[in-house]
Amino acid sequence: MTEAIDAEGLIKRFGKVTALDGLDLRVRTGEVHGFLGPNGAGKTTTIRILLGLMRHDGGAVRLLGGNPWSQATQLHRRLAYVPGDVTLWPNLTGGEVIDLLGRLRGGLDPVRKRELLERFELDPRKKGRTYSKGNRQKVALVAALASDVELLILDEPTSGLDPLMEEVFRELILAEKRRGDRTVLLSSHLLAEVEALCDRLTIIRDGRAVETGTLADMRHLTRTSIEADLTGPPDRLATLAGVHDLRIDNGKVRFEVDGDALEPALRSLLEVGVRGLVSRPPTLEELFLRQYQRVGE
Amino acid sequence: MTGTGRLIRLVLRRDRVLLPLWVLVFGLLPVAYYASFEGLFKTEAERLQYASVSVDNAGFVALYGLLKGDSLAALTTWRAGFVPVMIGLAALLTVVRHTRADEEAGRTELVGATVVGWHAQLAAALLTTSAAALAIGLLTFAGMASRTGDLDGSLAFGAELAVSGLMFAAVGAITAQLTSSARSARSLAVVALGVSYTLRVGGDIAALGDGGPSWLSWLSPLGWVTHIFPYEATNWWPVVLSVLCTAAATVVAVELRKRRDVGDGIFATRLGPADGTMGSPLALAWRMHRSLLVGWTVGLSLLGVIFGGVGGSVVELASESRRMNDLFTRLGGGSDQLVNSYFAGIAAIVGLVASCYAVQAALRLRDEETTGHAETMLSTAVSRWAWAASHLLFSVLGPAVALLAEGVVTALVSPDGSFGAIVGAVLVQLPAIWVLTGVTVVLFGLLPRWSPAAWAGPALCLLILLVGSTLQLDQWFLDLSPFTHIPHLPGGEVAATPIVTLLAVAAVLAAAGLLGLRRRNIPD
């Protein structure tokens, strides 16, 4: 089996509100998949459907080869979930919660648990009600990462962590990635995090996937910024399709170019003669914003 | 104190239904009692006889307090003797809800970051609740004064109810400072109310005999307010005492508030174990329910001590009091009948009390859902069914354990009645209690957002128990309460049909609720 998550045309309505409007999401086994979208785009709803907590109104979904609604209990032995807003039982200690969740999932590695507690600098003896948001998230992360499971579903797992701990989280996910035996679905709105960790990503907006693929694929579809120092006037450049925001200033040109127009644009620069060239690939931010503007139009 | 006004508006906005509701119900209850007595006693002789029988009936004295005088108004104030307990409960719950509960949920921080003074939250909660208590007093005063024409007496009656609210609002304000969890703050305040009630009952029962510790009543705020005796020998001292006590308690609450940070309690939370031993939903449910189970079992056992102790004096009184002997002989029985009807009566009350436990335990499911714990649990290999069953087990068996304890204690303490009959009378209430569990499960499964409405079950049953027979309501209304269908034991006939029917109703309700739960969104 090559796909850990396979959702097609998912529809979910809450009364009159349509939360998911034909969402497609495919996560290959063994990859770290970024699930990107602004607040309210439907990320958490999608995850709740994947976990069998909510039933979808249309479309089809398979999770680890099974039906997430009717086979929830069996499937949950093979996955661990970190909710976006982790709430702990107020009178249970962090350590108790970690062990409880691990056992309920069907097994927890005690050595790994110690290791993770140290990495996250988390005191497991404190009661749930005394933890801050970040520390509650750490409790859920330790429980998930120390569990012996195939699939990790993480819903904005770093939203309460400080930058140091965010870095620890990245290292841990990268280590998982190197081992390659776990699939990770990482919902986030932190673009840098997704950029650093994910093999592929899906961008959703208003309950629909607007883009999916590798970061390289997506970059290809978007514009690259070029700055060039030329020996002559770039006459042909302005007439090329796919060149935008062209500015010519004293032999220096700046422009943005669509992925498929990159080659003709560079050729036309070479015809004139190039003294210096800086090309900058689009950042994920630009990509992200562009996706939203495009759909918003 | 800056911003108190705005916070009061916030409190009123959030409680716009609940607050007026309890103010109206408690404020109008005295007039309703008055009207029902008016209808009940066709002649003066009837009224005098009722008063003379009630004045030394230990069961009545335990429930309502001592009776002084035999006028309609005096009987009304006596009959309303349990209302201060209910007002106290409503007041302390309201204060904790708007102080510690907000703080625990993190809303205080949100509000505290705006232009709001250090004490504004506590002040807003106390002022609103006190105003509600005063409104109850005013309603009572107005209603009773228009009925009786006795301004002084009605004023004292209104003051009795108002100060009950004031005192327990202040008690809630203190317990809200002590622990960092709203649940513990509520429990501590309710325990204070319970101790206060127990002392009052002990003292008043002792006052019926000679040389007993009747001073116990004076250790209890509820004892003070029921010793005002409006319309008869109106005693204003308890009112003064109550107001002073409220002021002192408020000062204590404010001082405690100064000595802690937002989110903390005066009692520090200790560190716990770094590793857990729990590995099943049932183990977790046990952790979450065990203090509740112990609390209810101890509470009901204490009630058992009182009721058992009173049982003894019932028989003693019956043999001493010719009037009561005559009355019961006329009703078709001797002192046996008296003892039986007493134990049947308290079994009904205890059953109703235990049904609150059943509803509370079942509603833990909804608590778990709204806090997000359910989502965490159900994302593991725990089925919805196993999760729900782990909590419902405590709603079903918890009341059974607590009732058994109450029955055994009553039977051991009481010199009369057979052990089996007393325990059986209490345990036979269980089918009715389970129906209320079933109602809660149905709401939770099919209309989850309406789950708290499950409290309407015990509330309606209480209403039917308290006023049903007095107001001579229609039978169909009385039949709404599952407790109406429970055989009156000891002494009554044991019929299998109503018990089997109640069990079937409870099972069908629970099954419908669980099927609904299996099919619905979580969280909803």
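Residues numbered from 1 in each chain as written. Chains lettered and ligands numbered in written order. Predicted model: local features only at pLDDT ≥ 70, side-chain atom pairs only at ≥ 80, totals over all residues.

With an unreviewed UniProt entry as reference, chain B is termed Exporter of polyketide antibiotics, source organism Paractinoplanes ferrugineus.

**Q** Explanation requested: the sheet that holds strand β2 (residues 17-28) of chain A in the structure shown.
**A** Remark on secondary structure: sheet strands pair via backbone hydrogen bonds, oriented parallel or antiparallel. Residue and element names in this part refer to chain A. Within the open sheet, the three strands sit side by side as β2-β1-β4. Their pairing is antiparallel. Each having just a single partner strand, β2 and β4 (58-63) make up the two edges of the open sheet. Within this sheet the neighbouring strands show an average axis-to-axis angle of 15 degrees, counted without direction. (Pairing = 2+ DSSP bridges. Helix = DSSP H or I, 4+ residues; strand = E, 2+ residues; numbered from the N terminus. Axes fitted to C-alpha atoms, helices over the stretch in contact; angles between N-to-C directions.)

**Q** I tried to follow helix α13 (residues 237-258) of chain B on my own but got confused; where do I start?
**A** An α-helix turns once every 3.6 residues. As a result, residues three or four positions apart point the same way. All names here are of chain B. With 22 residues, α13 extends 32 Å between its outermost C-alpha atoms, agreeing within 8% with the 32 Å of an ideal straight helix rising 1.5 Å per residue. Burial in α13 covers these residues: P238, S242, T246, A249, A253 and R257. Down the axis of α13, the buried set is contained in an arc of 85 degrees. They therefore lie on one face. Facing away from the buried side of α13, by more than 90 degrees, are the exposed residues W237, L244, A247, A248, V251, E255 and K258. (Expected span 1.5 Å × (residues − 1). Buried ≥ 20, exposed ≤ 12 C-beta atoms within 10 Å, placed from the backbone. Arc of directions from axis to C-beta.)

**Q** Got a minute to help me understand unusual backbone geometry in this structure?
**A** Geometrically, the link from L489 of chain B to P490 of chain B is a cis peptide bond, its omega value of -5 degrees lying close to zero. Position of P490 of chain B among the secondary structure elements: in the loop between α22 (475-479) and α23 (496-519). Here the bond from I522 of chain B into P523 of chain B is cis, since omega is -5 degrees, no more than 30 degrees from zero. Considering the arrangement of structural elements, one finds P523 of chain B in the segment after α23. In the Ramachandran plot, N250 of chain A falls in the positive-phi region, its phi being about 60 degrees despite a non-glycine side chain. N250 of chain A sits in the exposed class, given 6 other C-beta atoms within 10 Å.

**Q** What should I look at first to understand the pairing of strand β13 (residues 274-280) of chain A in this one?
**A** Working note: regular strand, side chains alternate between the two faces of the sheet. All names here are of chain A. Of all the seven residues making up β13, zero are buried; the element is thus mostly uncovered. Strand direction decides the pairing type here: strand β10 (residues 224-230) and β13, joined by six bridges, are antiparallel. What sits directly across from L230, in β13, is V274.

**Q** Hey, could you run me through the sheet that holds β13 of chain A in this one?
**A** Residues and elements named next belong to chain A. Read from one edge of the open sheet, four strands run β11-β12-β10-β13, paired in antiparallel fashion. Both edges of this open sheet fall to β11 (243-249) and β13, since each of them pairs with a single strand only. Adjacent strand axes in the sheet meet at a mean angle of 15 degrees, parallel and antiparallel pairs treated alike. Sheet contacts for helix α9 (residues 262-272): β10, β11, β12 (252-257) and β13; angle to β10, the most-contacted strand, approximately 5 degrees. (Contact = placed C-beta atoms within 7 Å.)

**Q** What am I meant to see in the nonpolar core here?
**A** Across soluble globular proteins, nonpolar side chains show a tendency to be buried alongside one another. By size, the foremost hydrophobic cluster in this structure holds 211 residues, and its most contacted members are V139 and V142 of chain A together with L92 and A169 of chain B. Not counting residues up to four positions away in its chain, the partners in contact with L92 of chain B are F168, A169, V171, G172, A189 and L193 of chain B. In this structure, I226, L237, V243 and F255 of chain A belong to the second largest nonpolar core, which totals eight residues. (Core = buried A, V, L, I, M, F, W, Y, C linked by C-beta atoms within 7 Å.)

**Q** Whenever I open this one, the domain arrangement of chain B confuses me. Can you help?
**A** Interface size, as often reported, equals the accessible area lost upon joining of the parts. Residue and element names in this part refer to chain B. Under the domain assignment, chain B is made up of domain 1 (1-27 + 82-267) and domain 2 (283-524). On a C-alpha basis, the centres of domain 1 and domain 2 stand 27 Å from each other. Counting residues at the interface gives seven residues for domain 1 and seven residues for domain 2. Grouping the amino acids of the side of domain 1 that touches domain 2 by side-chain chemistry returns three nonpolar, four polar and no charged. (Domains from an automatic or database assignment. Nonpolar A, V, L, I, M, F, W, Y, C, P; charged D, E, K, R; others polar.)

**Q** Whenever I open this one, the environment of R178 of chain A confuses me. Can you help?
**A** All names here are of chain A. Here R178 lies in helix α6 (residues 163-179). Residue classification places R178 among the exposed positions, given that 7 C-beta atoms sit within 10 Å. Sequence separation between R178 and G30 is 148 residues, and the spatial gap between their C-alpha atoms is 9.8 Å.

**Q** Help me understand the interface of chain A and chain B, please; the structure alone is not making it clear to me.
**A** The partner chain B presents 26 residues to the 30 residues of chain A that form the contact. Only α2 (72-76) and α3 (94-105) of chain A provide two or more residues apiece to the side of chain A that touches chain B. Here the side of chain A that touches chain B takes eight residues from α3 of chain A, the largest share from any one element. Residue composition of the side of chain A that touches chain B, grouped by class: twelve nonpolar, seven polar and eleven charged.

**Q** Just to check I follow, could you spell out the domain arrangement of chain A for this structure?
**A** Entries for chain A in the domain assignment read domain 1 (3-214) and domain 2 (223-281). Here the C-alpha centroids of domain 1 of chain A and domain 2 of chain A sit 43 Å apart.

**Q** Please explain the pairing of strand β1 (residues 3-14) of chain A as it appears in this structure.
**A** Residues and elements named next belong to chain A. With nine bridges joining them, β1 and β2 adopt antiparallel strand pairing. The residue of β2 that forms the bridge with I5 is V27. Judged from the five bridges that link them, β1 and β4 form a sheet pairing that is antiparallel. Residue E8 lies in a different strand from β4, and its bridge partner there is A60.

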